[in-house]
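Here is what each chain is made of, one letter per residue.
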Amino acid sequence: MAPGEEKSLGGSKKRKRESFSTAKGGGGPKSKGATKPHMKGSEKPLKRASEKSIKPGHGAAAADVGGEKKKKKEPKTPRERRLAAKEMSESRKRKRKPNYDLERDLALLWEKMRCYNISKEERSKFVTQALQKMNGKFLEIAGSHVSARVLQTCIKYCSQSERDSIFDALRPHFLTLIRKKYAVHLVKKLLDTATKKQLEWFISSLHGHVASLLRHTVGSAVVEHVFHLANGCQKQSLLMEMYSTELQLFKDLTVANTGRLVDIISKLGLQKSSVLQHMTLTIQPLLEKGIVDYSIVHTALIEYFTIADKSSATDVIQQLIPLLVQGSSVSDESEPLTAPDLSKKNKSKKKRSAEPLLVRMMHSRDGLKLGILCIKHGTAKERKKIVKGMKGHIRKLAFDQYGSLLLICILSIVDDTKLVTKIVIQELQKMLKELVLDKNGRRLLLQLLHPQCPRYLSPDDLACLNYDVPSLALQESQSESQGCSDNKVDTSNHNKNAEECEKTTQLPVGSKKDPSLRRHELLVDSALAESLFETCIANVGELLRSNFGKEVIYEVAVGGSEGVLQSLSDKTDALHEAIASLAAVPKTEESEEEHVLENFHSSRTIRKLILDSPNFAAALWKTALQGKCDIWAQGHSSKVIAAYLESSDPRVREVAKLELQPLVDRGTLKPPPPRIIR
């Protein structure tokens, strides 16, 4: 407080006391002339000084005045408080986000344009309005969390000319955008809708940056995405940058040459050692970061193994095996979902990150080859870790195109049959019927019943199962040939030829157990065969009429290859009786299902059983066909009847000859062609 104010305040207190005493007693002295002007001049300073000196709580009048002022500023009702909080929040967002008003308008348009119950004209109108608002600000919007989604929806529904204008506006900034968290989804959407020229330009813009982008957490997803969209020549141009520095510097070399890495080295005259060194430097960071669940990385590793020496190949495989069991640190970048679906998206991400890398790699054939190499060339302890890491994922692998082949490799190589029974076989027993009727699942059962049969596995599948690293296969082929010659000396009484020896030693590389013993332990000792017999008997009609189930029931009915089910002859006879009883059901027009002797799949399966199983042929003749051949001598069922005359077993031919020969003589049944014995 100023000194002048202190004096005026003291004087005012004195005058107040004097005026109070005068009012009481009326006899106080009064100053002439100067009193009134002094009082008039000091009234205003006195008020200001008194207001400043009195604090809240020191006087009731001062507290009331301050409270009234505060109450006027503060909102009284809850609605006013909400509006005030909203205004404050929006003012803060405007200061923090320069395009806040634009993002708010775009979000409103986004809610309208992505509805499914509006017409195309209305949606195109909303899309055009949104693009007009975004014109000139595409780069800023691409990195925004909300606006980037609006732009993705616009790209999805806009015209081709509008899409081209967006692509041209963002073209100079693609290498920057593919490294941003939210812009990467916009780039993917542009690539999905891009023309051939635009895709070709984008791939050419990645030249020299492929290796560095693969090491980037976000950018690697874009490289993988464009690798799936590219054609064969474009894929090769992306891969060649991982092969050699010369191919990075000289772009024309990647366009003019396509093919395997070994052929490229010979055509261009590159040094194999320098290429191997460059690929090692490129692949090593990917292995350290765990970025091995992309198709382009799988293909690069497979090409690396074609030129790698024994030590380099072994080192990479030893680095891969620990990664297969544990989850990768890199999560897949995918297109963001709407707000209600975010919880589901988070759950799916957590579930996927919990899966071992080996399961996530089973989306490409090259990924399958890498998994097979790790199982073949790993130690017994490492194989056990791989099998234990697959616990809880057997169902997903069993019904997958490549995952089922990986399980076939495990069933054929891993010697610890108790562990395989506990983790794999017991899980398969819970879903036997689904496996039998599934295109991919049935192959696991067929591998145990008839290993590596070309009737059930395609040439590409067999090539994957028998794939090996050239430098490692050279040493193993020498040891296998020595082992095969030893087997010939020890088992000369069995008269095994060289082809059979090669066939049995073709798949197992690191296995030491006899393949037939392993099959018996996994199929018979684990009680899988008994469960399989029960499933076939309970669903005999459905399996016979099924395109995939017929193959399993055929192998079970004939006892498997090499008599693996010979110890369960009573179960085999029961299955024969079940099929014969179903065939003995009379044909009626009221039946909804086609008779098993007239159905396309079941008639051919029964015909094969007659040709390959004399016991089944005798049971079927006795139960269903004896004395009824006239009924079944036409249509698909005629092939079943004619199979008795084609059988290589003379007992089967003699049983049916008396009844079938008159049908052949009358021309009702066509004479069968001579059976070719292989």
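What you are looking at is a predicted structure, and each value in this text was computed from that prediction instead of being measured. Residues take numbers from 1 onward in each chain, read along the sequence in its written order. Totals for whole chains, interfaces and linings use every residue, but because this is a predicted model, local features are given only for residues with pLDDT of at least 70 and side-chain atom pairs only at 80 or more, for both listing and counting. Side-chain measures were taken over the full set of non-hydrogen atoms in the model, leaving aside hydrogen atoms and water.

## A closer look at the overall build of the chain
Right, so step 1: A tally of regular secondary structure across the chain gives 42 helices and zero strands.
Right, so step 2: Residues classed as buried in the chain amount to 44% of the 678 residues present.
Right, so step 3: Throughout, a residue-residue contact means that at least one pair of heavy atoms, one from each residue, lies within 4.5 Å. A separation of at least 24 residues holds for 72% of the contacts in the chain among residues at least 6 apart in sequence.
Right, so step 4: Computed with a 1.4 Å probe, the accessible areas rest on the Shrake-Rupley method; for each residue, only the protein chains presented here act as cover. Of the roughly 37000 Å² of accessible surface on the chain, a fraction of 53% belongs to carbon and sulfur atoms. The secondary structure listing takes helices from DSSP runs of H or I that are at least 4 residues long and strands from runs of E that are at least 2 residues long, numbered from the N terminus. Burial status follows relative accessibility: with a 1.4 Å probe on protein chains alone, a residue under 20% of its type maximum counts as buried, one over 50% as exposed, and anything between as partly exposed.

## Let's talk about the environment of Thr280
Right, so step 1: Residue position: Thr280 is located in helix α19 (residues 272-289).
Right, so step 2: Thr280 sits in the partly exposed class, given a relative accessible area of 29%.
Right, so step 3: Sequence separation between Thr280 and Ser312 is 32 residues; the distance between their C-alpha atoms is 8.6 Å.

## Description of the UniProt feature "repeat: Pumilio" (unreviewed entry) in the chain
Right, so step 1: UniProt positions are given in the numbering used here, feature names are shortened, and annotations may be inferred rather than shown by experiment. Residues given the UniProt feature "repeat: Pumilio" (unreviewed entry) here are residues 133-168 and 169-204.
Right, so step 2: Annotated as residues 133-168, this span is 75% helix and 0% strand, and its ends, taken at the C-alpha atoms, are 17 Å apart.
Right, so step 3: For residues 169-204, the helix share is 69%, the strand share is 0%, and the end-to-end C-alpha distance is 18 Å.

## Focus on the nonpolar core
Right, so step 1: Side-chain atoms within 4.5 Å link the members of a nonpolar core, which is a set of buried Ala, Val, Leu, Ile, Met, Phe, Trp, Tyr and Cys residues. Counting 180 residues, the largest nonpolar core has Ile296, Phe305, Leu620, Leu625 and Tyr644 as the members making the most contacts within it.
Right, so step 2: The contact partners of Phe305, leaving out residues within four places of it in the chain, are Ala313, Val316, Ile317, Leu370, Leu373, Tyr467, Val469 and Pro470.

## Focus on the packing of helix α20 (residues 295-307) against helix α24 (residues 365-377)
Right, so step 1: Note on method: axes are straight lines fitted to C-alpha atoms, helices fitted across the in-contact stretch only, with angles between N-to-C directions ranging 0 to 180 degrees. Two elements in contact, α20 and α24, have axes separated by 8 Å at closest approach and are oriented at 55°. Our classification of the angle between α20 and α24 gives oblique. Considering the relative orientation of α20 and α24, their crossing is left-handed. In this structure, α20 uses His298, Thr299, Leu301, Ile302 and Phe305 to contact α24, whose residues at the interface are Asp366, Gly367, Lys369, Leu370 and Leu373. By the definition adopted for this analysis, an angle is roughly parallel if under 35 degrees, roughly antiparallel if over 145, roughly perpendicular if from 65 to 115, and oblique otherwise. Crossing chirality is assigned from the near helix's rotation relative to the far helix, an anticlockwise turn below a right angle marking it left-handed and a clockwise turn marking it right-handed.

## A short note on the confidence of the model for the chain
Right, so step 1: With 77% of its residues at a pLDDT of 70 or more, the chain shows a mean pLDDT of 80.
Right, so step 2: Looking over the chain, one finds the lowest element-wise mean pLDDT in helix α33 (residues 498-504), namely 39, and the highest in helix α35 (residues 528-538), namely 96.
Right, so step 3: A score between 0 and 100, pLDDT records how confident the predictor is in each residue. Low pLDDT, under 50, characterises residues 328-342; the stretch is placed with 33 contacts to residues that sit more than four places away or in other chains.
Right, so step 4: Of the regions scoring below 50 in pLDDT, residues 347-352 engages in three contacts with residues more than four places distant in sequence or in other chains.

## Comments concerning the side chain of Glu355
Right, so step 1: Relative to the helices and strands, Glu355 is located in the loop between α22 (342-354) and α23 (357-360).
Right, so step 2: We classify Glu355 as buried; its relative accessible area is 6%.
Right, so step 3: In terms of polar contacts, Glu355 uses its side chain to reach the side chain of Lys396, at 2.9 Å. Polar contacts, as used here, are pairs of N or O atoms within 3.5 Å; protein pairs need one atom able to donate a hydrogen and one able to accept it. Residues neighboring in sequence count only if both atoms are side-chain atoms.

## Describing the packing of aromatic side chains
Right, so step 1: Centres within 6.5 Å are what make two rings of Phe, Tyr or Trp a pair, Trp counting through its six-membered ring; a difference in plane orientation under 30 degrees is then read as stacked, over 60 as edge-to-face, and the rest as tilted. Across all of its chains, the model carries six aromatic pairs by this definition.
Right, so step 2: Ring centres of Phe174 and Trp201 lie 6.2 Å apart, and the angle between their planes is 55°; this geometry places the pair in the tilted category. Taken as a pair, Phe174 in helix α10 (residues 174-177) and Trp201 in helix α12 (residues 196-205) lie far apart in primary sequence, 27 residues in all.
Right, so step 3: Aromatic pair Phe174 and Phe202: ring centres 5.4 Å apart, planes at 80°, arrangement edge-to-face. Residue Phe174 is found in helix α10, and its partner Phe202 is found in helix α12; the two are separated by 28 residues along the sequence.
Right, so step 4: The class of Phe174 is buried, set by a relative accessible area of 3%.
Right, so step 5: Through a chain of ring-to-ring contacts, three or more aromatic side chains come together here, namely Phe167, Phe174, Trp201 and Phe202.

## What about the pattern of salt bridges?
Right, so step 1: By convention in these notes, a salt bridge is any Lys or Arg side-chain nitrogen within 4 Å of a carboxyl oxygen on Asp or Glu. What the rule picks out here adds up to 21 salt bridges.
Right, so step 2: Between Glu551 and Arg442 there is a salt bridge, and its shortest N-O distance comes to 2.2 Å. Linking Glu551 in helix α37 (residues 549-557) with Arg442 in helix α30 (residues 442-449), this pair joins segments that are 109 residues apart in sequence. Neither Glu551 nor Arg442 differs from the other in exposure class; each is buried.
Right, so step 3: One connected set of salt bridges, linked through shared partners, spans Arg365, Arg443 and Asp461.

## Things to note about helix α38 (residues 569-583)
Think of an α-helix as 3.6 residues a turn; residues three or four steps apart then line up on the same face.
Right, so step 1: Expected helix span is taken as 1.5 Å per residue step, with the number of steps being one fewer than the number of residues. Here α38 is 15 residues long and its end C-alpha atoms lie 21 Å apart, about the 21 Å a rise of 1.5 Å per residue gives.
Right, so step 2: Those residues of α38 that sit buried are Thr572, Leu575, His576, Ala578, Ile579, Ala580 and Ala583.
Right, so step 3: Elements that come into contact with the buried residues of α38 comprise α35, α36 (540-545), α37, α39 (600-612) and α40 (614-625).

## Observations concerning the packing of helix α5 (residues 100-113) against helix α8 (residues 147-157)
Right, so step 1: Taken N-terminus to C-terminus, the directions of α5 and α8 make an angle of 40°; their axes are 9 Å apart at the nearest point. Between α5 and α8, the interaxial angle falls into the category oblique. By crossing handedness, the relation of α5 to α8 is classed as left-handed. Across from Glu103, Leu106, Trp110 and Met113 in α5, the residues of α8 making contact are Ser147, Arg149, Val150, Thr153, Cys154 and Tyr157.

## Notes on α35
Right, so step 1: Within the span of α35, buried status applies to Leu528, Ala529, Leu532, Phe533, Thr535 and Cys536. Here the buried residues of α35 occupy an arc of 165° about the axis, which is enough to place them on one side. Directions drawn from the helix axis to the C-beta atoms are what define this arc.

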